[in-house]
Amino acid sequence: MKILASSLAIAATVASFPFAAAFGISSGRGLKVTPTSTSKTTTSLFDVSLESRDGHPPIIIPTDADSVEPTIPAVVTGKEADGLIGNVLPLGIRLTGGEKLREDGLTGKGVKVAVIDSGVANWHPNFDRKVVEQVWFRRGGSLSSTPGADHGTHVAGTIHMMAPEAEIYDYRVFGSQGKVGVNRAIAMAIDEAVDMGCDVINMSIQYGAADFSWNQAMRRAKKEGVLIVAAAGNSGDGSITTNENSWPANFESAISVGAISKQDNLPTASFSNTNDQVDYAGVGVNVISYSPKGSFVGKNGTSMASPHVCGFIAALMTKGGMYEDSITGDASLRALLNDKFCIDIGR
């Protein structure tokens with residue numbers, strides 16, 4: 001069993017993920033991004049009272065008003081909460097070392113993090129204006145009321161709580177309208193994140209096939225030294241003897257993250273994909289993070305585990321921090337994580 005010397009906690013599950021060295025997994029069903037047919041009736045692009053509140057409306061890629069409607073990655077949503085008691089960080093953040101990172105001055109300052117997802121509600125007061133860029137390749141429906149559209153805000157919130165001074169770049173690739181389909185939008189978002197100088201990309205996305213355009217874009221990103229963290233997927237059957245495959249996590253250029261639960265011995269979440277491509281595991285059960293309604297909400301999924309790991313990495317990359325010079329790309333990051341920050345929980 002590999003235990004951390006400090007309280008920075010990242011769990012590795014070995015039996016469930018035979019080649020995993022550290023971090024988390026989660027259970028659930030769905031995370032499909034396959035486009036499906038829908039009615040041409042669409043909702044307004046913006047919830048105007050909220051989505052341009054800070055004076056920085058998203059950049060919108062021109063639309064031809066196609067009728068493709070992708071499915072947002074599936075997660076289980078809990079009840080809305082008004083806030084965190086005493087502004088205490090959620091347990092998942094604390095278990096992943098959020099408090100110790102802050103004590104060590106590892107806040108993500110100077111680091112750019114891309115969130116390729118369903119869009120981020122930059123008006124949530126807890127973001128502290130750290131959502132600095134928004135490019136929406138697809139749109140349609142309010143982030144506050146459209147089912148599943150709160151996913152990206154929740155993901156970005158976890159990254160922000162792990163690395164509060166990192167800058168967040170929001171790339172929306174889900175929605176009922178868009179000039180390009182979802183798969184192409186994702187590839188374009190990866191390219192745009194690289195061009196904008198992002199240091200790390202989070203992709204809490206699951207797809208049942210290895211999309212060629214994604215692979216090309218991700219290989220380019222890795223060549224440029226950009227790190228990619230991806231959710232392992234929520235199609236697990238609770239058995240470590242079966243493999244459930246999902247992309248982009250299964251691509252060689254991705255750091256694949258499964259989910260664990262906030263319980264004794266950090267058990268693997270039953271819904272989390274298991275295969276030999278899973279690298280790390282993070283907290284993915286009952287994860288509390290931001291809601292577009294300005295409050296907080298709990299969700300389950302590898303989608304929630306991935307941003308814990310992504311945010312942890314962003315914090316380690318803090319400019320001027322103790323690990324800045326140690327991380328020069330994917331290989332050096334993995335070496336650092338495996339040497340200093342992994343807990344082998346022996347499953």
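Above this text you will find the structure in question.
The rules behind the values
Residues numbered from 1 in each chain as written. Predicted model: local features only at pLDDT ≥ 70, side-chain atom pairs only at ≥ 80, totals over all residues. Heavy atoms only, no water. Helix = DSSP H or I, 4+ residues; strand = E, 2+ residues; numbered from the N terminus. Buried < 20%, exposed > 50% of the residue type's maximum accessible area, 1.4 Å probe, protein only. Contact = heavy atoms within 4.5 Å. Areas by Shrake-Rupley, 256 points an atom, 1.4 Å probe, with all protein chains shown as cover. Salt bridge = Lys/Arg side-chain N within 4 Å of Asp/Glu carboxyl O. Axes fitted to C-alpha atoms, helices over the stretch in contact; angles between N-to-C directions. Parallel < 35°, antiparallel > 145°, perpendicular 65-115°, else oblique. Pairing = 2+ DSSP bridges. Phe/Tyr/Trp six-rings, centres within 6.5 Å; stacked < 30°, edge-to-face > 60°. Expected span 1.5 Å × (residues − 1). Arc of directions from axis to C-beta.

Caption draft 1: Fine view of the overall build of the protein chain. For the protein chain, the helix and strand inventory stands at eight helices and 16 strands. Looking at the protein chain as a whole, 58% of its 347 residues are labelled buried. The contacts of the protein chain with a sequence gap of at least 6 include a subset with a gap of at least 24, amounting to 84%. Summing over all exposed atoms, the protein chain offers an accessible surface of approximately 13200 Å²; the carbon and sulfur share of this is 51%.

Caption draft 2: Representation of the pattern of salt bridges within the structure. Counted according to the given criterion, the structure contains eight salt bridges. A salt bridge links Asp104 to Lys100; the shortest N-O distance between them is 2.7 Å. Lys100 gets classed as partly exposed once you look at its relative accessible area, which sits at 21%.

Caption draft 3: Looking closely at the environment of Ser145. Along the chain, Ser145 turns up in the loop between strand S8 (131-136) and helix H4 (151-162). Through-space distance from the C-alpha of Ser145 to that of Lys293 is 8.6 Å; in sequence the pair is 148 residues apart.

Caption draft 4: Seen up close, the side chain of Thr153. Locating Thr153 in the fold gives a position in helix H4. The exposure class of Thr153 is buried, given its relative accessible area of 0%.

Caption draft 5: Representation of the packing of helix H5 (residues 182-195) against helix H6 (residues 212-223) within the structure. The contact between H5 and H6 brings their axes to 8 Å, and the two run at 10 degrees. Taken together, the axes of H5 and H6 lie roughly parallel to each other. The segment H5 lies against H6, with Asn183, Arg184, Ile186, Ala187, Ile190, Asp191, Val194 and Asp195 engaging Ser213, Trp214, Ala217, Met218, Arg220 and Ala221.

Caption draft 6: The arrangement of the pairing of S8 in detail. As paired strands, S8 and strand S9 (residues 167-172) are joined by five bridges and run parallel to one another. The residue of S9 that forms the bridge with Val131 is Ile168.

Caption draft 7: View of unusual backbone geometry. In this structure, Pro248 follows Trp247 across a cis peptide bond, with omega equal to 20 degrees. The residue Asp128 is not glycine, and still its phi comes out positive at about 50 degrees. Checked against the element boundaries, Asp128 lands in the loop between strand S7 (112-117) and S8. Here the phi dihedral of Arg129 falls at roughly 60 degrees; this positive angle occurs in a residue that is not glycine.

Caption draft 8: Broad picture of the packing of aromatic side chains. Counted under the stated rule, the structure contains five aromatic pairs. With a centroid separation of 4.9 Å and 80 degrees between ring planes, the pair formed by Phe127 and Tyr290 is classed as edge-to-face. Placement of Phe127 in the loop between S7 and S8 and of Tyr290 in strand S14 (residues 287-290) is noted, with a sequence separation of 163 residues between them. Assessed through its relative accessible area of 0%, Phe127 is described here as buried. A relative accessible area of 2% means that Tyr290 is categorised as buried. On the numbers, 5.4 Å between centres and 85 degrees between planes, the contact of Tyr323 with Phe341 is edge-to-face. Of this pair, Tyr323 sits in the loop between helix H7 (302-316) and helix H8 (330-340) while Phe341 sits in the loop between H8 and strand S16 (343-344), and the two are 18 residues apart along the sequence. Relative accessible area serves as the criterion here: at 13%, Tyr323 is assigned to the buried category. Aromatic ring contacts, followed pair by pair, group Phe127, Tyr290 and Phe296 into a single cluster.

Caption draft 9: Fine view of the environment of Val285. For Val285, the location among the structural elements is in the loop between strand S13 (280-283) and S14. Considering only alpha carbons, one finds Val285 and Gly301, 16 residues apart in sequence, at a separation of 6.5 Å. Aside from chain neighbours lying at most four places away, what touches Val285 is Ile260, Ser261, Lys262, Ala269, Phe271, Lys299 and Asn300.

Caption draft 10: Highlighting H6. Look at H6: 17 Å from first C-alpha to last across twelve residues, which is about the 16 Å you get at 1.5 Å a residue. Those residues of H6 lying buried are Ser213, Trp214, Ala217, Met218 and Ala221. Looking straight down H6, one finds that the buried residues subtend no more than 125 degrees of arc, so they occupy a single side. Opposite the buried face of H6, by more than 90 degrees, sit the exposed residues Phe212, Arg219 and Lys223. Residues of H6 that are buried make contact with H5 and strand S11 (227-231).

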